[in-house]
Amino acid sequence: MSILFVQYYWIKKTIATQVKEVAIQEKEDSLNIKQFSEQAHIALRNVLQEISSHASDSSDLYGAVKQLRSNYFSVDINEELHPYYLETLLKREFYDQSIHQNFQYGIYDCFTDSIVFGNLIKFTKDSLYAPVSDTLTGITSPQLSWKKDGHYFTVYFPDMVNKSMEATEMLGSPWIFMVIIVSVVLLFFAFAVSIIVKQKRLSEVKTDFINNMTHELKTPISTIALSSDMLMRGDFSNDPEKLQRYASIIFKENKRLENQVERVLNVAKMDKETLHLKKDGLNIHELLEEVRENFEFTQTDKGGDIQLDLQASEANIIADPVHISNVVYNLLDNAVKYCEVEPNIRVRTSNADNGLLLEISDNGIGIRRENLKQIFDKFYRVPTGNIHNVKGFGLGLYYVKIIIEQHGGRVQVKSTPGKGTVFTIWLPLK
Ligand code: ADP
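Small disclaimer: the values here were computed from a predicted structure and weren't measured.

The rules behind each value
Residues numbered from 1 in each chain as written. Predicted model: local features only at pLDDT ≥ 70, side-chain atom pairs only at ≥ 80, totals over all residues. Heavy atoms only, no water. Salt bridge = Lys/Arg side-chain N within 4 Å of Asp/Glu carboxyl O. Helix = DSSP H or I, 4+ residues; strand = E, 2+ residues; numbered from the N terminus. Buried < 20%, exposed > 50% of the residue type's maximum accessible area, 1.4 Å probe, protein only. Pairing = 2+ DSSP bridges. Axes fitted to C-alpha atoms, helices over the stretch in contact; angles between N-to-C directions. Near = heavy atom within 4 Å. Polar contact = N/O pair within 3.5 Å; in protein donor to acceptor, adjacent residues only side chain to side chain. Areas by Shrake-Rupley, 256 points an atom, 1.4 Å probe, with all protein chains shown as cover. Left-handed = near helix turned anticlockwise from the far one by under 90°. Contact = heavy atoms within 4.5 Å. Nonpolar A, V, L, I, M, F, W, Y, C, P; charged D, E, K, R; others polar. pLDDT = per-residue confidence, 0-100. Patch = residues over 30% accessible without salt bridge, like charges linked within 9 Å, V, L, I, M, F, W, Y side chains within 5 Å.

K.L.:
In this structure, what is going on with the pattern of salt bridges? I would like to understand it.
P.N.:
Scanning the entire structure with this criterion turns up 13 salt bridges. In this structure, K91 and E87 form a salt bridge, with 3.2 Å as the shortest nitrogen-oxygen distance. On the criterion of helical spacing, the pair formed by K91 and E87 is a turn pair, its members being four residues apart in helix α2 (residues 83-96). Given the relative accessible area of 12%, K91 is considered buried. Under the relative-accessibility criterion, E87 is labelled buried at 11%. Linking K200 and E204 is a salt bridge whose minimum nitrogen-to-oxygen distance equals 3.4 Å. Remark: E204 and K200 occur in helix α5 (residues 173-233); sequence separation between them is four residues, near one turn of the helix. What makes K200 exposed here is its relative accessible area of 52%. Judged by its relative accessible area of 41%, E204 falls in the partly exposed class.

K.L.:
Hey, could you run me through the sheet that holds strand β3 (residues 103-109) in this one?
P.N.:
Strand pairing in a sheet relies on backbone hydrogen bonds. The paired strands run either parallel or antiparallel. Overall, antiparallel pairing links the five strands, which are arranged β1-β2-β5-β3-β4 in an open sheet. Pairing within the sheet leaves two strands with one partner each, and these edge strands are β1 (65-69) and β4 (114-121). Strand-to-strand, the axes of this sheet are offset by a mean angle of 20 degrees, without reference to chain direction. Sheet analysis places β1 next to strand β2 (residues 72-76), joined by four bridges and oriented antiparallel. Bridge pairing in β2 links R69 to Y72.

K.L.:
Where do I start with the site of the ligand in this structure?
P.N.:
Taken together, the neighbourhood of the ligand is formed by 19 residues, with N334, Y338, D362, R381 and L397 sitting nearest. A distance of 2.8 Å separates a nitrogen atom of the ligand from a polar side-chain atom of D362. At 3.0 Å from an oxygen atom of the ligand is found a main-chain nitrogen or oxygen belonging to G394. Here the ligand has 530 Å² of accessible area as a free molecule, and 97% of this is covered by the chains.

K.L.:
How do you make sense of the packing of helix α8 (residues 321-337) against helix α10 (residues 396-406) when you look at a structure like this?
P.N.:
Geometrically, a packed helix pair is captured by the angle between its two axes and the distance between the axes. It is the contact of α8 with α10, at a shortest axis distance of 9 Å, that shows an interaxial angle of 145 degrees. Both α8 and α10 take part in a crossing whose hand is left-handed. Together, H323, I324, N326, V327, N330, L331 and N334 of α8 and G396, L397, Y399, V400, I403 and I404 of α10 make up the contact between the two elements. Of the residues assigned to the contact of α8 with α10, the class counts are eight nonpolar, five polar and no charged.

K.L.:
Could you clarify how one ought to interpret unusual backbone geometry in this entry?
P.N.:
Leaving glycine out, the prevailing phi sign among residues is negative, and the prevailing peptide bond configuration is trans. Although it is not a glycine, S98 adopts a positive phi angle of roughly 50 degrees. Tracing the sequence through the fold places S98 in the loop between α2 and β3. Owing to a relative accessible area of 44%, S98 belongs among the partly exposed residues under this scheme. Non-glycine residue N354 carries a positive phi angle of around 60 degrees.

K.L.:
Just to check I follow, could you spell out the pairing of strand β9 (residues 344-352) for this structure?
P.N.:
Every other side chain in a regular strand lies on the same face of the sheet, so the side chains alternate between the two faces. The sheet contact formed by strand β7 (residues 305-310) and β9 spans six bridges and is parallel. Following the sheet pairing, Q307 is matched in β9 by R346. One ladder, built from seven bridges, connects β9 with strand β10 (residues 355-361); its direction is antiparallel. Bridge assignment links T349 to a residue of β10, and that residue is L358.

K.L.:
Please clarify how the confidence of the model for the protein should be interpreted in this entry.
P.N.:
Detailed reading of predicted coordinates is not advised where the pLDDT is low. Per-residue pLDDT for the protein has a mean of 81; in total, 85% of the residues score no lower than 70. Segment residues 129-148: pLDDT under 50, and 40 contacts once partners within four positions in sequence are set aside and those in other chains are kept.

K.L.:
Please clarify how the environment of K279 should be interpreted in this entry.
P.N.:
Among the structural elements, K279 can be located in the loop between α6 (240-271) and β6 (280-283). Judged by its relative accessible area of 41%, K279 is partly exposed. The spacing of K279 and I317 is 38 residues in sequence and 9.4 Å in space, taken between C-alpha atoms. Setting aside residues up to four positions removed in sequence, K279 forms contacts with I318, A319, D320, Q406 and H407.

K.L.:
Would you mind showing me how to read a nonpolar patch on the surface here?
P.N.:
On the surface, F5, V6, Y9 and W10 cluster together into a nonpolar patch covering about 470 Å² of accessible area. Counting through the fold element by element, Y9 comes out in helix α1 (residues 2-54). Y9 gets classed as partly exposed once you look at its relative accessible area, which sits at 45%.

K.L.:
I would appreciate a short explanation of the sheet that holds strand β11 (residues 410-416) in the present structure.
P.N.:
What the five strands build is an open sheet, ordered β7-β9-β10-β12-β11; its pairing is mixed. This sheet does not close on itself; its edge strands, each paired only once, are β7 and β11. Neighbouring strand axes in the sheet, compared pairwise and without regard to direction, differ in orientation by 15 degrees on average. Inspection of the sheet shows β10 paired to strand β12 (residues 420-428) by seven bridges, in the antiparallel sense. Residue pairing across strands places S361 opposite V422, the latter belonging to β12. Of the strands in this sheet, β7, β9 and β10 are in contact with helix α7 (residues 284-294), which crosses β7 at around 170 degrees.

K.L.:
Looking at this structure, I do not really get the pairing of β10. What am I missing?
P.N.:
Counting buried positions along β10 gives six out of seven residues, so the element sits mostly inside the fold. The antiparallel hairpin formed by β9 and β10 contains two residues in its connecting segment, where D353 sits at a positive phi of about 50 degrees.

K.L.:
For this particular structure, what's the right way to read the side chain of H407?
P.N.:
Topologically, H407 is positioned in the loop between α10 and β11. The exposure class of H407 is buried, given its relative accessible area of 6%. Apart from residues no more than four positions distant in its own chain, H407 is found in contact with L277, K279, I318, A319, D320, I324, L427 and P428.

Structure (structure tokens):
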């Protein structure tokens, strides 16, 4: 706003100064024009007198010189006139009156209403306006035949343009500057606002992540603390089963903690571009069978089912088995996590575009269109208001995307809220 104000103030000031300058210029111009027209009048009158002195009847010359426009004069002569003679007279008189302008003259015949003769005379410093001697023109006045007739000649000065008009036209330019400056300022402003919005979103994501992280790490830590406390306090010599139970709780929770930390560290490592893939020949069908064997529906107590529909005739790819199985696990995990009924997951393979297509579809809650674009972003979780029933860091799909892209493949998602989601992965064949 301040910049805009300062700009406005300065431009206004500039315009005011320019208007003043233009006014002064106009005054000067009008004085010049006045002077010029007086000089032209005198010159033309002299010419007329000269012509008339050769005529048989020198009648009243008053009113014969008329100024039609600031740079356009007409002179009634009532006699036939030799053009070169007129030209010579005009040059001499203009020189005498210090009129240093190009001029155009024309001799008119009133009866035919047409130009009898016309010519444009250019002003050159040394020669043209110098008094012309009779020998130079070759025309002397007695050679001309004078008939008393309805004639007139005109003189036009083409270079006498209206300067004040030009000046007022120039006045438009500061506004163009103003518009340009304002647009630049607005663009800059929009850019700044977009950065602020981005920063705000980032800080929200960060806060969310920290909250999630705290929650995810705190739960196993407190469970371990409780169990170990029990172990320290109690005497389990008579109850080895209880001892075993507490120990296994500690072991499981520790494993969970390890997994969480591993996951975050993995993604953190990916940032530093230290991701080294150990690519090898891999049969995706075998990998999927194995994953199905090992996948446990531990996240919900609704049970669940994975159906494999292995249609691909060529299932061998070059890939890192650990990362690819992590990708599949992540997608299966999500399919179970974001499902409110008994999860029914379908894994389908096929061949397309010289590659392998892997589709994982579920019957979960689905993702709304406006959130779809961002689900592969780091730390992004679909906002659920205050309900935090599903745990996560928003890193699973980010990991999926990075790994698949590192393998030269691509991942896409389609979803219908309330019905389910389909993740499609394409990987190049061996
Ligand atoms: P996390 O599961 O840890 O939140 P992800 O990166 O795996 O992070 O997923 C990002 C978001 O995408 C999730 O918060 C969830 O809202 C949405 N999402 C992922 N997979 C599914 C799915 N199969 N069904 C519905 N929503 C999903």
